[in-house]
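Now for the letters of each chain:
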Amino acid sequence: MSMEVTAWHSLYQATHANDDRRPFSRATLRRIGAFARPHRRPLLLFIALSTVVAVTAVATPLLAGRVVNAIDRHAHQSTVLGLAGLIAAIAVAEAALGLLTRRLSANIGEGLILDLRTAVFDHVQRMPVAFFTRTRTGALVSRLNNDVIGAQRAFSDTLSGVVSNAVTLLLTFVVMVGISWRITLLALVILPVFLLPARRVGRRLAGLRREAAAHNAAMGTRMTERFSAPGATLVKLFGRPAEESAEFAARARRVRDIGVRTAMVQVSFVTALTLVSALALALVYGLGGYYALRGSLDPGAVVSLALLLTRLYAPLTALAGARVEVMSALVSFERVFEVLDLKPLITEKPDARRVPDGPVSVEFDHVDFGYPSADKVSLASLEEVAQLDTRGGVQVLHQVSFRAEPGQMVALVGSSGAGKSTIAQLLPRLYDTDAGAVRMSGVDVRDLTAASLRETLGMVTQDGHLFHDTIRANLLLARPGATEDELWEVLRRARLDGLIASLADGLDTVVGERGYRLSGGERQRLTIARLLLARPRVVILDEATAHLDSTSEAAVQEALAEALDGRTAVVIAHRLSTVRAADLILVVEDGRIVERGTHHALLAAEGRYAELYRTQFETQEPGDPDEPDEPGEPRETAGVLG
Ligand SMILES: Nc1ncnc2c1ncn2[C@@H]1O[C@H](COP(=O)(O)OP(=O)(O)OP(=O)(O)O)[C@@H](O)[C@H]1O
Ligand SMILES: [Mg+2]
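Residues numbered from 1 in each chain as written. Chains lettered and ligands numbered in written order. Predicted model: local features only at pLDDT ≥ 70, side-chain atom pairs only at ≥ 80, totals over all residues. Heavy atoms only, no water.

(A) Representation of the overall build of the protein. Counting its regular elements, the protein contains 22 helices and ten strands. When each of the 642 residues of the protein is scored for burial, the buried share is 47%. The long-range share in the protein, meaning contacts at least 24 apart out of those at least 6 apart in sequence, stands at 80%. Just so you have it, the protein exposes about 31,200 Å², and 58% of that area is on carbon and sulfur atoms. (Helix = DSSP H or I, 4+ residues; strand = E, 2+ residues; numbered from the N terminus. Buried < 20%, exposed > 50% of the residue type's maximum accessible area, 1.4 Å probe, protein only. Contact = heavy atoms within 4.5 Å. Areas by Shrake-Rupley, 256 points an atom, 1.4 Å probe, with all protein chains shown as cover.)

Next comes the structure, spelled out in structure tokens:
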């Protein structure tokens, strides 16, 4: 009865049925059809071959009956041998067909996984940053893995299983009725005995499965969150490891209990089935034997009926479970489509153009902006909240206007949370403005190609992210074709060459999760080296030197000064000493530009900038190299930024 076990096992494993009674829209089915279309030919071939297999399955019991009759009637030896040869031939054909159909279904199923996976990956990659700031990574990864596999099951296992099982069932039934309708009907009377509980058992299993899936997902997101370098650090500093372990163990124990429960439900059902079909078999032998003795039935017919009956129950059971299976596969499809249907808010126009050659000017023209509300950018199920926040985003920027001429440096200063990083993020189009426009060399960034924007702009972000990869790979991200010499050159300019040369693996040292194996300042200098390697025409530095001590800051300032030479730059800094040389300083407060001018002009104006500047230097220790000789009259230091 291995088929039942397989059917129920796959049923148990399809872990994502949300509601097996939910109706599915025609649109969903049409879309599934669209995904299946490229696999149409192998699918049709598969169905055809499955039908042939079903026919051979009926042939053998019939031939066996003939053998018995031949023996009974003392027929010629050659008849028996011929029949045996035929049975052997069918067995060989069946084996070959079995291999072929399995090959086909594996191809279709795995091909479908491939299509869905690449489609989801491509799509998610095109989603705006806003989406990723809301989504839980664990939940998203589970869509790419579990749901894609769940959707595939609809094709390779269920759909095909349904076709071949239905054909087998029908053929077997017809042949059995042909042999003896009375025995067939009696044998099948027992059917409802297990078809009725099948539904109940199916629902019971679906419920258990859903609960286990929820626990597994919760454990998964917890692990991805806690077992990252920053997460683990946080738990060590503030967490309560004992409670965390206890909660985790409680869930894990519940999953164990559900596993045991599921196994018992399954095995009870399968055992009951086996018993019922064994009883039906006894009935066939008893009744068939009775008829045979009375001469109204051949002994061969009795044997054929018995053999056919054993082949009847397997497809019946599989079909009984198919409904729930199909439903859970459809649920997986819907969950995948749900991700595919998310609109990538930021898209490239079909007629998008490139940034004009030569030095680039940057312009903000009356820009209003608010971070998009959750319902625009994400899915409740991926945020793991019941309902998405529909509140419109709070407006963060108000009428921001400024212009950086080619080669100029514009500095943004202001309190924390004022909106400086937000302004910076609008340039590479990580977000789009709500009103007004951001332009590069006079072209609205929304009219530019993504590739051209990437080439033109280089950005060092506030958190300086690195991939869990080698130093070399992290650098090459900026320019895949860079030579070894160019790599060392930028490292030298970022004052990192000494450190990296001293590492045993040099450039091939793995920086660890998010670069956690480097110090904050080293990480930052590496992101600066990456920027230097990219040689962008426009540079955005968001607190690029925040983590550096005064000595390395001066060194990196020189490097940056070189990098910024002839380039347009937007620089954000809390340390005002770093922005003195800017062509234009913008003071941002509450999302508005409240003051603008050069360092000296702003100091003379005695406004917010002068106030910020004084408070910064008054709080500094005497002897700090940043401290001006006289308050309000800063000493000039080397470097464009210094
Ligand atoms: N992804 C986001 N979604 C929603 N609101 C955000 C998001 N990022 C920032 N904000 C909000 O926007 C406002 C401006 O943030 P921003 O990061 O631009 O400040 P900042 O001037 O760079 O501050 P800091 O000097 O601390 O880096 C803040 O009120 C912040 O809470
Ligand atoms: Mg910031």
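(B) Spotlight on the site of ligand 1. Near ligand 1, the surroundings consist of 13 residues, among which Ser 416, Lys 420, Ser 421, Thr 422 and Gln 462 are the closest. With respect to ligand 1, the backbone of Gly 419 contributes an N or O atom lying 2.9 Å from an oxygen atom. In the model, an oxygen atom of ligand 1 is placed 2.7 Å from a nitrogen or oxygen of the Lys 420 side chain. The element that contributes the greatest number of residues to the shell around ligand 1 is helix α14 (residues 420-426), accounting for three residues. (Near = heavy atom within 4 Å. Polar contact = N/O pair within 3.5 Å; in protein donor to acceptor, adjacent residues only side chain to side chain.)

(C) Quick peek at the packing of aromatic side chains. Evaluation of the coordinates by the stated rule reveals nine aromatic pairs. Ring centres of Phe 369 and Tyr 371 lie 5.0 Å apart, and the angle between their planes is 75 degrees; on these two criteria the pair is classed as edge-to-face. For Phe 369, a relative accessible area of 1% puts it in the buried group. Here the aromatic residues Phe 35, Phe 333 and Phe 337 are joined through ring pairs into a cluster of three or more. Arg 31 extends its terminal NZ or CZ atom over the ring of Phe 337, reaching a point 4.2 Å from the ring centre. Residue placement shows Arg 182 over the ring face of Trp 181; its charged tip is 5.8 Å from the ring centre. (Phe/Tyr/Trp six-rings, centres within 6.5 Å; stacked < 30°, edge-to-face > 60°. Lys NZ or Arg CZ within 6 Å of the ring centre and 35° of its normal.)

(D) Fine view of unusual backbone geometry. Phi angles above zero are rare outside glycine, and His 366 is one such case at about 45 degrees. With respect to the helices, strands and loops of the structure, His 366 is situated in strand β1 (residues 362-370). Residue Glu 606 is not a glycine yet carries a positive backbone phi of 55 degrees. With respect to the helices and strands, the residue Glu 606 is situated in the loop between α21 (599-605) and α22 (608-618).

(E) Highlighting empty space enclosed by the protein. Scanning the model with the defined rule gives two cavities of 30 Å³ or more in all. Looking at the second largest cavity, its volume works out to about 40 Å³. Lining the second largest cavity are Leu 426, Tyr 431, Asp 432, Thr 433, Ala 437, Val 438, Asp 444, Val 445 and Arg 446. (1 Å grid on protein atoms, 1.4 Å probe; cavity = no way out; pocket = protein on both sides within 12 Å on 5 of 7 lines; lining within 4 Å. Points joined across faces, edges and corners; volume = space filled by probe spheres on them.)

(F) Local environment of the side chain of Ser 304. Positionally, Ser 304 belongs in helix α11 (residues 299-340). Only 3.5 Å separates the side chain of Ser 304 from the backbone nitrogen of Gly 65, close enough to count as a polar contact.

(G) Highlighting the sheet that holds strand β8 (residues 568-572). Strand order in the open sheet formed by six strands is β6-β7-β8-β3-β9-β10, with mixed pairing between adjacent strands. What marks the edges here is a single partner per strand, and that holds for β6 (457-460) and β10 (592-597). Going from strand to strand, the sheet's axes swing by 15 degrees on average, the running direction of each strand aside. Examined bridge by bridge, strand β3 (residues 409-413) and strand β9 (residues 584-589) share four bridges and lie parallel to one another. Looking at β9, one finds that Ala 411 is bridged to Ile 585. Against the sheet, helix α19 (residues 520-534) contacts β6 and β7 (538-542), and its axis sits at roughly 175 degrees relative to β6. (Pairing = 2+ DSSP bridges. Axes fitted to C-alpha atoms, helices over the stretch in contact; angles between N-to-C directions.)

(H) How the structure looks around the pairing of β1. A large share of β1 lies buried, amounting to seven of its nine residues. Pairing of β1 with strand β2 (residues 395-404) involves six bridges; the strand directions are antiparallel. Along β2, the bridge assignment pairs Phe 369 with Leu 397.

(I) Spatial organisation of the nonpolar core. In this structure, Leu 475, Leu 491, Leu 526, Leu 541, Val 579, Ile 585 and Tyr 609 are the most contacted members of the largest nonpolar core, which totals 43 residues. Per element, the largest residue contribution to this core is six residues, and it comes from α19. Other than its neighbours up to four places away in sequence, Leu 475 contacts Leu 487, Leu 491, Leu 507, Leu 526, Ala 529, Arg 530 and Leu 533. Of all hydrophobic cores here, the second largest spans 35 residues; its members include Ile 423, Leu 448, Leu 453 and Ile 540. (Core = buried A, V, L, I, M, F, W, Y, C linked by side-chain atoms within 4.5 Å.)

(J) Representation of the side chain of Thr 509. With respect to the helices, strands and loops of the structure, Thr 509 is situated in the loop between α18 (497-502) and α19. The buried category is assigned to Thr 509, whose relative accessible area is 13%. Residue contacts for Thr 509: discarding those within four places in its chain leaves Asp 469, Thr 470, Ile 471 and Leu 503.

(K) Looking closely at the pattern of salt bridges. For the structure on display, the rule yields 26 salt bridges. Its salt-bridge partner being Arg 403, residue Glu 405 comes within 2.8 Å of it at the nearest N-O pair. A network of salt bridges, in which partner residues are shared, links Arg 222, Glu 225, Arg 226, Glu 244, Glu 247 and Arg 251. (Salt bridge = Lys/Arg side-chain N within 4 Å of Asp/Glu carboxyl O.)

(L) Geometry of the environment of Phe 131. Here Phe 131 shows up in helix α5 (residues 129-134). On the basis of relative accessible area, Phe 131 is assigned to the buried category, the value being 0%. For Phe 131 and Leu 382, which are 251 residues apart along the polypeptide, the C-alpha to C-alpha distance reads 9.7 Å. Residue contacts for Phe 131: discarding those within four places in its chain leaves Val 124, Leu 140, Leu 342, Val 377, Ser 378 and Leu 382.

(M) Focus on the environment of Leu 477. In this fold, Leu 477 is placed in the loop between α16 (471-476) and α17 (484-493). When the C-alpha positions of Leu 477 and Arg 530 are compared, they lie 7.9 Å apart, and in sequence the two are 53 residues distant. Excluding residues within four positions of it along the chain, Leu 477 makes contact with Phe 467 and Arg 530.

(N) Highlighting helix α10 (residues 241-293). Taking 1.5 Å of rise per residue, 53 residues should cover 78 Å, and α10 covers 76 Å from first to last C-alpha, within 8% of that figure. One or two residues past the end of α10 sits Gly 295, with phi positive at roughly 85 degrees. (Expected span 1.5 Å × (residues − 1).)

(O) Highlighting the pairing of β10. As paired strands, β9 and β10 are joined by five bridges and run antiparallel to one another. Its bridge partner lying in β10, Ile 585 is registered against Gly 597. Between β9 and β10, which pair antiparallel in sequence order, lie two residues; one of them, Asp 590, sits at a positive phi of approximately 50 degrees.

(P) How the structure looks around the packing of helix α3 (residues 40-72) against helix α4 (residues 77-125). Direction vectors running N to C along α3 and α4 enclose 160 degrees, while the axes themselves pass 9 Å from each other. In terms of orientation, α3 and α4 fall into the roughly antiparallel class. For the pair α3 and α4, the sense of crossing is left-handed. Of the residues belonging to the contact of α3 with α4, the class tally is 22 nonpolar, five polar and two charged. (Parallel < 35°, antiparallel > 145°, perpendicular 65-115°, else oblique. Left-handed = near helix turned anticlockwise from the far one by under 90°. Nonpolar A, V, L, I, M, F, W, Y, C, P; charged D, E, K, R; others polar.)

(Q) Expanded view of a nonpolar patch on the surface. A cluster of nonpolar side chains, Leu 170, Phe 173, Val 174, Val 177, Trp 181 and Leu 185, forms an exposed patch at the surface whose accessible area comes to about 580 Å². Elements with a minimum of two residues in the nonpolar patch: α6 (137-179) and α7 (181-189). Sort the elements by how many residues they give to the nonpolar patch and α6 lands first, with four residues. Looking at the secondary structure, you find Val 177 in helix α6. (Patch = residues over 30% accessible without salt bridge, like charges linked within 9 Å, V, L, I, M, F, W, Y side chains within 5 Å.)

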